[in-house]
Amino acid sequence: HVDLSVSWLGLAMANPLYNASGVMCRSVAELEQVRTSAAAAVITKSCTPQPRTGNPEPRYCATALGSINSMGLPNAGYPYYLDYARSYPYAAGKPLFLSLSGMTLQENLDMLSDLAAAQLPCLPEVNLSCPNLPGKPQLGYDFQACHEALTQMARVYHGPFGVKLPPYFDPVHFARMAAVLNAFPALRFVTCINSIGNGLVIDVDRESVVIKPKDGLGGLGGSYVLPTALANVREFYRLLPGKHVVGCGGINSGREAFMHILAGATAVQIGTCLYEEGEGAFARILDELRALMAHKGYQRLDDFRGKLKTL
Ligand SMILES: O=C1NC(=O)NC(C(=O)O)N1
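The shown structure was predicted, so the numbers you read here are calculated from the model rather than taken from an experiment. (Residues numbered from 1 in each chain as written. Predicted model: local features only at pLDDT ≥ 70, side-chain atom pairs only at ≥ 80, totals over all residues. Heavy atoms only, no water.)

(A) Spotlight on the environment of F184. With respect to the element layout, F184 can be found in the loop between α5 (171–181) and β10 (187–192). Of the residues examined, F184 reaches a relative accessible area of 7% and is grouped as buried. For the pair formed by F184 and P166, sequence separation is 18 residues and the distance between their alpha carbons is 18 Å. Look past the residues within four positions of F184 in its chain and what remains in contact with it is H147, L150, T151, A154 and K243. (Helix = DSSP H or I, 4+ residues; strand = E, 2+ residues; numbered from the N terminus. Buried < 20%, exposed > 50% of the residue type's maximum accessible area, 1.4 Å probe, protein only. Contact = heavy atoms within 4.5 Å.)

(B) Summary view of the packing of helix α6 (residues 226–239) against helix α7 (residues 254–262). At a minimum axis separation of 9 Å, α6 and α7 run at an interaxial angle of 25°. Classified by the angle their axes make, α6 and α7 are roughly parallel. Contact residues: α6 offers L226, A229, L230 and V233, while α7 offers E256, M259 and H260. When its residues are assigned to classes, the contact of α6 with α7 shows five nonpolar, one polar and one charged. (Axes fitted to C-alpha atoms, helices over the stretch in contact; angles between N-to-C directions. Parallel < 35°, antiparallel > 145°, perpendicular 65-115°, else oblique. Nonpolar A, V, L, I, M, F, W, Y, C, P; charged D, E, K, R; others polar.)

(C) Region of the structure containing the site of the ligand. Contacts to the ligand come from K45, N69, M71, G72, L73, P74, N127, C130, P131, N132, N194 and S195. Between N69 and the ligand, the recorded distance is 2.8 Å, taken from a side-chain N or O atom to an oxygen atom. At a separation of 2.7 Å, an oxygen atom of the ligand approaches a polar backbone atom of L73. For the ligand, the accessible surface in isolation is 290 Å², of which the surrounding protein chains cover 91%. Tallied by class, the residues present in the shell around the ligand amount to five nonpolar, six polar and one charged. (Near = heavy atom within 4 Å. Polar contact = N/O pair within 3.5 Å; in protein donor to acceptor, adjacent residues only side chain to side chain. Areas by Shrake-Rupley, 256 points an atom, 1.4 Å probe, with all protein chains shown as cover.)

(D) Structural view of the side chain of E125. Summarising the element assignment, E125 is placed in strand β8 (residues 123–127). It turns out E125 is buried and unbridged, and the closest side chain with the opposite charge, K164, is 4.5 Å from it. Reaching out from E125, the side chain makes a polar contact with the side chain of T191 at a distance of 2.6 Å. Residue contacts for E125: discarding those within four places in its chain leaves S21, I43, L98, S99, L100, G162, V163, K164, F189, T191 and Q269. (Lys, Arg positive; Asp, Glu negative; His and termini not counted. Salt bridge = Lys/Arg side-chain N within 4 Å of Asp/Glu carboxyl O.)

(E) Quick look at the pattern of salt bridges. A full pass over the atoms with the stated rule returns eleven salt bridges. In this structure, the salt-bridge partner of D287 is R290, at a minimum N-O distance of 2.9 Å. With D287 and R290 both in helix α9 (residues 280–296) and three residues apart, the pair spans about one turn of that helix. Residue classification places D287 among the partly exposed residues on the basis of a relative accessible area of 46%. Put simply, D3, R300, D302 and R305 are held in one network by salt bridges that share partners.

(F) Here's a closer look at the nonpolar core. In this structure, W8, V163, L165, M177, L181, V190 and F236 are the most contacted members of the largest nonpolar core, which totals 95 residues. It is α9 that contributes the most residues to this core, seven residues altogether. Discounting residues that sit within four places of it in the chain, V163 has contacts with E125, V126, L128, L150, L181, L187, F189, V190 and T191. (Core = buried A, V, L, I, M, F, W, Y, C linked by side-chain atoms within 4.5 Å.)

(G) Main features of the sheet that holds strand β16 (residues 267–270). Pairing is parallel in the open sheet, where eight strands are placed in the order β3-β16-β15-β10-β9-β8-β7-β4. Because the sheet does not close on itself, it has two edges, and the strands there are β3 (17–19) and β4 (42–43). Pairing of β3 with β16 involves three bridges; the strand directions are parallel. Bridging from a neighbouring strand, Y18 pairs with Q269 of β16. Where α6 meets the sheet, it contacts β9 (161–165), β10 and β15 (244–248), and its direction lies at approximately 180° from that of β15. Sitting on the sheet, α9 touches β3 and β16, and the angle it makes with β3 is about 155°. (Pairing = 2+ DSSP bridges.)

(H) Looking closely at the packing of aromatic side chains. This model, assessed by the stated rule, comprises 16 aromatic pairs. Among the aromatic residues, those joined into a ring-pair cluster are Y141, F143, Y168, F174 and F236. (Phe/Tyr/Trp six-rings, centres within 6.5 Å; stacked < 30°, edge-to-face > 60°.)

(I) Looking closely at a nonpolar patch on the surface. Nonpolar side chains collect at one region of the surface, where L200, I202, V204 and V209 lie side by side and expose about 370 Å² of accessible area between them. For L200, the location among the structural elements is in strand β11 (residues 196–200). (Patch = residues over 30% accessible without salt bridge, like charges linked within 9 Å, V, L, I, M, F, W, Y side chains within 5 Å.)

(J) View of the side chain of S70. Among the structural elements, S70 can be located in the loop between β6 (66–69) and α2 (78–87). Excluding residues that lie within four positions of it along the chain, S70 makes contacts with N55, R59, N132, I211, P213, K214, L217 and G218.

(K) Focus on the sheet that holds strand β14 (residues 217–221). Across the sheet, four strands lie side by side as β5-β6-β14-β11; this open sheet has antiparallel pairing. Strands at the two margins of the open sheet, each flanked by one partner only, are β5 (60–63) and β11. Between one strand axis and the next, the sheet turns through 35° on average, direction left out of account. In the sheet, β6 pairs with β14 via three bridges, with the strands oriented antiparallel. Bridging across to β14, I68 finds its partner in L220.

Listed below in structure tokens is the structure:
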């Protein structure tokens, strides 16, 4: 018998899978699609205090190897997701995460202090890594600014929270960011990774880019990013003792979910694959993970979590 359950942050999840913020989570209808699927948790689209229409279309494109997007944080606004969080059926046992992505630190502080006052069981995942706001750099690449922002966030929000990180590509950067994150005990999880920012996909037939914003530059997802996602999961798993890592990036089957958990992930989020396949992806991936574990003789995720061998 294979037990896929996960218990963390005082939460119990039937399995490690849920959606990546941004996919199937902008409207209540979409959020309910995830909640009533085989997914074990739900996360909302990164929100800003006011609704946003986002970047001009086309702003998403899938290829054989993954996806490129420059959505520009289209969302229904913080009050809409807070309202969903107020009426969310927590007792049904699927945790709710609220993704926050203010355009400024003050916007994040405003949303976090309001969320604190609401005293709801949902957990914030603060997005430090949207690559698609023209003129705005990813906060996660400015270590000093991150330290300052986290200091102020921890002042207004005293409960457990997490952050969505951009991919890092250099051991010095892993170490620098880990030093920042380890200074915040209430920061209980990091989600690695957000899309690999500012890639360029070209359509040879049309001799053209495939998305409109930023002359075609957008965040990469799907298979393109799997090795980078795994590296970030493994490095932060090692560097953040006592914190959880949520894996995100390139999970198309039970095999990639297994890889992320082997690298140290407590739970895993599905993005591009969910966008392309629909909510049936959750049950399929879980069946594949269950079969892989049975084949290897593992009964629980703890039997192999974080046990990636080196040579
Ligand atoms: O954080 C984000 N990552 C992405 O890849 N896209 C969205 C967005 O553009 O809204 N935000």
